[in-house]
Amino acid sequence: MTWGSLNDFLAMGGYALYVWGSYGMTALLVVIELMALRTRRHRAMNELRRARGAPDGSMR
Amino acid sequence: MLNSIHPLGGDPANAGARSSWFKYASPQTFYPLAGSLAPWFAWAAAILMLGGLYVGFFVAPTDQQQGESYRIIFIHVPAAWMSMFLYVVMACWAGIGLAFNTRLSGMMASAIAPTGALFTFLALWTGSLWGKPTWGTWWVWDARLTSELILLFLYFGFMALQAAIDDPRRADRAGAVLALVGVVNVPIIYFSVQWWNTLHQGASVSLIRAPTMAATMLTGMLLMALAFWMYSIAVTLLRVRSVILERERRADWIGQYVERAA
C-alpha cells in the first residue's frame, strides 16, 4: 500500500490538482452524459405520446 | 408501414434464412435487443472500473521518475484509445450505411459520435493536466496533440452536420462522407509519435514489444480500457434507442414501446 493516510492519498504526492483534475473531469462528463441520455429518452417518449394521443398521465 | 418500404426494414419473419442476420439491421428488431443488452455492458463497465481504480490507486506503485502524477495514465491512455477506436467504428457504420442504405447503420454512427467526442476531450484534458507537471506546459502544438485536437473537431463537425440537415437519411449520407474522409486522421494520430519528433512520448504498450511499464500499472490501464469499452457500448446502445424512437416515430411497431408517463 502506497498511502499512509487519507490525507496522503488526497495529496497525491503534491500532484493532487493534476490527478484529481483528471479523474474529476472524467466523473463529471460521465454523469453529464448519463443525464443527457435520460433527458433525450424522456423527450422522445413524450413526443411519441403526444403524437399518438396516448394517455399522458401526470406529465400534463 | 413506413418501414416496410425498405427491404431491410420489413417484417423480420419474412426474411429468408440465408439473410437472417440482416434482421438485426432493422431498427424494429434492434430496439428491444439493445434494451436488453445495455444493462449487461453497464454492469461490466462498473465492475471493471472499480477493479481498474483499485489497481490504479492501491496496487500500482509510485513511479520513480514522475511520482504520483503518472496515475493520470489510467484515464489518459484508455480515453485516447477509445477516442480513435470509436471513430473507426463510427466511420465503419457510416460507410455500411452509405454502401447498403441500411437505416440502422446511420443511427449507430450518430449514437457513437457524442461518446467518441467525450473520450477525445478527456484524452486532451488529462493530457494537458499531465503535461503541465511533466513537460512544464499545458499545451504544445506537436503532431500527436494537434492531430488529436483535429479528431475532436471531426466529431463535432459530424454532429453539427447531422444536426443541420432535417432529413435524417440525407444527414446520414452527408455525415458518412465526412466520417470516412476523416478516417485518415486516425493513423496519423497513432503513428505521429514515430513519424515526427514529438514532445509526446512513444507508445508505452505495443503488440510487438514487451511492455516498458510495471505489470500492475499495465493491469490497471487495461482494466480501465476494458471498462471504457464496455461503457461506450452500453451508452451507445442506450442512445441508439432514443435515436430509433425519434426517427421511427411514425412506424406502427413502435406503439407497443410507448411507455405511460411515470
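Residues numbered from 1 in each chain as written. Chains lettered and ligands numbered in written order. Predicted model: local features only at pLDDT ≥ 70, side-chain atom pairs only at ≥ 80, totals over all residues.

A. Region of interest: the overall build of chain B. When helices and strands are counted, chain B shows seven helices and zero strands. Secondary structure of chain B in N-to-C order comes out as α-α-α-α-α-α-α. Long-range pairs, those at least 24 residues apart, make up 74% of the contacts in chain B with a sequence separation of at least 6. (Helix = DSSP H or I, 4+ residues; strand = E, 2+ residues; numbered from the N terminus. Contact = placed C-beta atoms within 7 Å.)

B. Representation of the overall build of chain A. Counting secondary structure elements, chain A contains two helices and zero strands. In chain A, buried positions account for 13% of the 60 residues. (Buried ≥ 20, exposed ≤ 12 C-beta atoms within 10 Å, placed from the backbone.)

C. Quick look at helix 7 (residues 215–247) of chain B. Compared with an ideal rise of 1.5 Å per residue, which puts 33 residues at 48 Å, helix 7 of chain B spans 47 Å between its outermost C-alpha atoms and is within 8% of the ideal. Summarising burial for helix 7 of chain B: 24 of the 33 residues are buried, a large majority. (Expected span 1.5 Å × (residues − 1).)

D. Looking closely at the interface of chain B and chain A. The interface is formed by 31 residues belonging to chain B together with 30 residues belonging to chain A. Secondary-structure elements contributing two or more residues to the side of chain B that touches chain A are helix 3 (103–135) and helix 7 of chain B. Tallying contributions element by element places helix 3 of chain B first for the side of chain B that touches chain A, with nine residues. Per-class residue counts for the side of chain B that touches chain A are 16 nonpolar, seven polar and eight charged. (Nonpolar A, V, L, I, M, F, W, Y, C, P; charged D, E, K, R; others polar.)

E. Expanded view of the nonpolar core. Judged by nonpolar contacts, the single largest core of 71 residues is most densely connected at Met90, Ala109, Met224 and Ala227 of chain B. Of all the secondary structure elements, the ones that give two or more residues to this core are helix 2 (16–52) of chain A together with helix 1 (27–59), helix 2 (73–100), helix 3, helix 4 (143–164), helix 5 (168–182) and helix 7 of chain B. Sort the elements by how many residues they give to this core and helix 7 of chain B lands first, with 18 residues. (Core = buried A, V, L, I, M, F, W, Y, C linked by C-beta atoms within 7 Å.)

F. A look at the confidence of the model for chain B. Residue and element names in this part refer to chain B. Per-residue pLDDT for chain B has a mean of 88; in total, 87% of the residues score no lower than 70. Between residues 1–18, whose pLDDT stays under 50, and residues either more than four places distant or in other chains, the model counts 22 contacts. Of the two predicted TM-score estimates for the complex, the pTM is 0.88 and the ipTM is 0.87. (pLDDT = per-residue confidence, 0-100.)

G. View of the packing of helix 2 of chain A against helix 3 of chain B. As a packed pair, helix 2 of chain A and helix 3 of chain B sit with axes 9 Å apart at the nearest point and diverge in direction by 165°. If you check the angle between helix 2 of chain A and helix 3 of chain B, you find them roughly antiparallel. Here helix 2 of chain A and helix 3 of chain B pass one another in a crossing that is right-handed. Along its contact with helix 2 of chain A, which presents Tyr18, Gly21, Ser22, Met25, Thr26, Leu29 and Glu33 of chain A, the element helix 3 of chain B presents Thr115, Leu118, Leu122, Trp125, Thr126, Leu129, Trp130, Lys132 and Pro133 of chain B. (Axes fitted to C-alpha atoms, helices over the stretch in contact; angles between N-to-C directions. Parallel < 35°, antiparallel > 145°, perpendicular 65-115°, else oblique. Left-handed = near helix turned anticlockwise from the far one by under 90°.)

H. Local environment of unusual backbone geometry. One non-glycine residue, Met12 of chain A, lies in the positive phi region at around 50°. Structurally, Met12 of chain A is set in the loop between helix 1 (6–11) and helix 2.

I. Here's a closer look at the environment of Ile254 of chain B. Position of Ile254 of chain B among the secondary structure elements: in the segment after helix 7. The spatial distance from the C-alpha of Ile254 of chain B to the C-alpha of Pro32 of chain B is 11 Å, given a sequence separation of 222 residues. Residues in contact with Ile254 of chain B, not counting those within four places in the same chain, are Leu48 of chain A together with Leu245, Glu248 and Arg249 of chain B.

J. Structural detail: the confidence of the model for chain A. Model confidence for chain A is summarised by a mean pLDDT of 87, while 87% of its residues fall at 70 or above. This model gives residues 56–60 of chain A a pLDDT under 50, and the stretch forms seven contacts once residues within four places in sequence are excluded.

K. Local environment of the packing of helix 4 of chain B against helix 5 of chain B. Residue and element names in this part refer to chain B. Between helix 4 and helix 5, the shortest axis-to-axis distance is 9 Å and the interhelical angle comes to 165°. Put simply, helix 4 runs roughly antiparallel to helix 5. The hand of the helix 4/helix 5 crossing is right-handed. Here Leu154, Gly157, Phe158, Leu161 and Gln162 of helix 4 lie close against helix 5, whose contacting residues are Ala171, Ala174, Gly175, Leu178, Ala179 and Gly182.

L. The environment of Gly51 of chain B, seen in detail. Here Gly51 of chain B lies in helix 1. Each C-alpha atom of the pair Gly51 of chain B and Met224 of chain B lies 8.1 Å from the other, and the pair is 173 residues apart in sequence.

M. Main features of helix 4 of chain B. Its 22 residues give helix 4 of chain B an end-to-end C-alpha distance of 31 Å, which sits within 8% of 32 Å, the value for a rise of 1.5 Å per residue. Packed against the buried residues of helix 4 of chain B are helix 2, helix 3, helix 5 and helix 6 (185–195) of chain B.

N. Region of interest: the environment of Leu48 of chain A. Structurally, Leu48 of chain A is set in helix 2. Residue Leu48 of chain A is classed as buried on the basis of its C-beta count, with 20 C-beta atoms lying within 10 Å. Residues Leu48 of chain A and Met12 of chain A lie 36 residues apart in sequence; the distance between their C-alpha atoms is 50 Å. With residues near it in sequence (within four places) discarded, Leu48 of chain A still touches Leu245, Arg249, Ile254 and Val258 of chain B.

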